[in-house]
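# Chains, contacts and geometry: an overview
Now for the letters of each chain:
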Amino acid sequence: MFDDIITKSKVKSPWLYHLNTGSCNGCDIELISILTPRYDVERFGIKLTGTPRQADIVVVTGPLTSQSKDRALKVLSQVPDPKVVVSLGSCPMSGNVFKGSYSIEAPLDRFVDVDVSVAGCPPKPEAIIDGIIKAIEILKDKRG
Amino acid sequence: MKFPYAGNALKDFFSKPSTERYPKVKKEAPKGYRGKISYDPEKCIACGMCIRVCSPGAITMTKGEKNDEGQLIEMKFNLNSCTFCQMCADFCPRGAIKLTTQYSMIATDKNELVVSGSFIKKIPPKPTVKTVQQSKAKTEASGSK
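Anyway, here's the lowdown on the structure attached to this text. (Residues numbered from 1 in each chain as written. Chains lettered and ligands numbered in written order. Predicted model: local features only at pLDDT ≥ 70, side-chain atom pairs only at ≥ 80, totals over all residues. Heavy atoms only, no water.)

## What to know about the interface of chain B and chain A
Here is the rule: Here a residue-residue contact requires only that any non-hydrogen atoms of the pair lie within 4.5 Å. Each of two parts loses accessible area, computed with a 1.4 Å probe, when they are put together; buried area is these two losses added. The term salt bridge refers to a pairing of a side-chain nitrogen on Lys or Arg with a carboxyl oxygen on Asp or Glu at a separation within 4 Å. In protein, a polar contact requires one atom able to donate a hydrogen and another able to accept it; more generally it is a pair of N or O atoms within 3.5 Å, and residues adjacent in sequence count only if both atoms are side-chain atoms. In the scheme used here, Gly and all other residues not listed as nonpolar or charged are polar, with Ala, Val, Leu, Ile, Met, Phe, Trp, Tyr, Cys and Pro taken as nonpolar and Asp, Glu, Lys and Arg as charged. Strand pairing follows a simple DSSP-based rule, namely that at least 2 bridges must link the two strands. Counting from the N terminus, the helices are the DSSP runs of H or I reaching at least four residues and the strands are the DSSP runs of E reaching at least two.
In this complex, chain B contributes 27 residues to the contact, which on the side of chain A involves 31 residues. Carbon and sulfur atoms make up 55% of the area that chain B and chain A hide from each other, which totals about 2,300 Å². Among the residues of chain B in contact with chain A, Tyr22, Ile106 and Lys110 of chain B are the three that bury the most area, contributing 23% of the side total. Where chain B packs against chain A, one counts 3 salt bridges. For the pair chain B and chain A, the number of links is 14 residue pairs in polar contact (both at pLDDT 80 or more). Its residues assigned to classes, the side of chain B that touches chain A comprises 14 nonpolar, 9 polar and 4 charged. Here strand β5 (residues 116-118) of chain A pairs with strand β5 (residues 106-107) of chain B via 2 bridges, running antiparallel. Residue pairing across strands places Val118 of chain A opposite Ile106 of chain B, the latter belonging to β5 of chain B.

Quick look at the structure:
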C-alpha cells in the first residue's frame, strides 16, 4: 500500500535533469526560462535536480560532441529506470548545421532510446512545456 | 522610517500572478515567427534553390522516372535538422515554401517531423512538325554552301 502511494506521487512530481552535450546555449536558456515565474513548470510538479541519480526526465541538448559523448552516456546510464529521455532542439536529433563534422556524434538515438523529441532551433518555451507534458504521460505509462 | 516599496507590495496582494497558464490558455506566436514549414507542391517548379541555400541540408528532392505525363518529384523538409532560418522561403521564386506560426512540434517518432509533398513536373511540349522542316531546310542550305 505504501509503495502504491509512493509510485503514484512519483508520477505527479517528476524530477528533471538537464544534460548539455555541447549545446550553443540557445536551447539551455529556453529550458531555464520555463522554470522562471512566467512559465513556471513547477505547476506540474517538476523540479530541476542537480544529480542524474534522482532524475525521472532527462532533457538532452546539444549535438553530442566527441568529447562529451562518453560522459553523456555515462550520465544517462546513471539515471534510474523508468526514465524518459527528451531531446531538445534540432541538434541531438540530427546534428543540425554541424552534421558531418569530425567532432560530432549526433544523432542521439544511435546510442539511447529517445522518447520525445521537440523540434525548433531553439524551440519556444511553450513547445518545451508541451514536450515535457508528453514526457510525463510516457513516464506514467512506463510506471504502469 | 521609510517603506519605499510598500505601495508595490500592497498592489501585488490584489494583482493576478504573472504566470502564463499555458496548456489551458493557448498562446499565439508573434507575427513573423518562424515555425513549422508548410509546402505547397502546386506552386513548386523543382528549381532546387531551397536545397542550395539550406545550411543544414534539411531539404531533399527525389526525382522519379520520366513518363509521357511528366516526372514525379517529391520534396522532403526534414524539420529534425531545420534551423528555421527562412532562407528557403526567401529564395523560393514561386513562394511555395512558407514558415507558419505553428511552434509546437512534438514527436515520439522522428518521421512525424518530416514535411513532404509531391507533384508531377510536366515535360515541355515537343516541337511541332513545321519547325522541324524549317530546321532541316536550314541545315541543307548550310550544307550546300
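Here the narrative resumes.
## Examining the packing of helix α1 (residues 2-12) of chain A against helix α5 (residues 125-143) of chain A
Residue and element names in this part refer to chain A. Which entries qualify depends on this criterion: Helix axes use the C-alpha atoms of the stretch in contact, all axes being lines fitted to C-alpha atoms, and the angles between their N-to-C directions lie in the range 0 to 180 degrees. An angle below 35 degrees is treated as roughly parallel, one above 145 as roughly antiparallel, one from 65 to 115 as roughly perpendicular, and anything else as oblique. What makes a crossing left-handed is the near helix being turned counterclockwise from the far one by less than a right angle; a clockwise turn instead makes it right-handed.
Running from N to C, α1 and α5 cross one another at 165°; their axes reach a closest spacing of 9 Å. Judged by the angle between their axes, α1 and α5 are roughly antiparallel. Here α1 and α5 pass one another in a crossing that is right-handed. Note on element contacts: α5 touches α1 through Ile136, Lys140 and Arg143, opposite Thr7, Lys10 and Val11.

## Some thoughts on the side chain of Gln71 of chain B
Residues and elements named next belong to chain B. As for its position among the elements, Gln71 is in strand β3 (residues 71-78). Among the polar contacts listed, one links the side chain of Gln71 to the backbone oxygen of Gly64, at a separation of 3.2 Å. Leave out the neighbours within four places in its chain, and Gln71 touches Lys63, Gly64, Glu65, Lys66, Phe119, Ile120 and Lys121.

## Considerations on the pattern of salt bridges
Scanning the model with the defined rule gives 8 salt bridges over all chains in all. Across the salt bridge formed by Asp70 of chain A and Lys69 of chain A, the nearest N and O atoms sit 4.0 Å from each other. The salt bridge partner of Glu105 of chain A is Arg110 of chain A, with a shortest N-O separation of 3.8 Å. Residues participating in the shared-partner salt-bridge network are Arg38 and Glu126 of chain A together with Glu20 and Lys27 of chain B.

## Let's talk about α5 of chain A
Rules: Multiply 1.5 Å by the residue count of a helix minus one, and that product is the helix's expected span.
Along its 19 residues, α5 of chain A runs 27 Å from first to last C-alpha, staying within 8% of the 27 Å computed at 1.5 Å per residue. Two residues or fewer past α5 of chain A, Gly144 of chain A is found with a positive phi of approximately 80°.

## A few points about the packing of aromatic side chains
Put simply, the rule reads: Stacked, edge-to-face and tilted are the three classes for Phe, Tyr and Trp ring pairs, Trp counted by its six-membered ring, which pair at centre distances within 6.5 Å; planes under 30 degrees apart are stacked, over 60 edge-to-face, the rest tilted. In this scheme, the term charge over a ring applies when either NZ of a lysine or CZ of an arginine sits within 6 Å of the ring centre and within 35 degrees of the ring normal.
Taken as a whole and judged by the stated rule, the model has 1 aromatic pair over all chains. Between Lys47 of chain A and the ring centre of Trp15 of chain A, over which it is positioned, the NZ or CZ distance is 4.6 Å. Between Lys124 of chain A and the ring centre of Tyr33 of chain B, over which it is positioned, the NZ or CZ distance is 5.4 Å.

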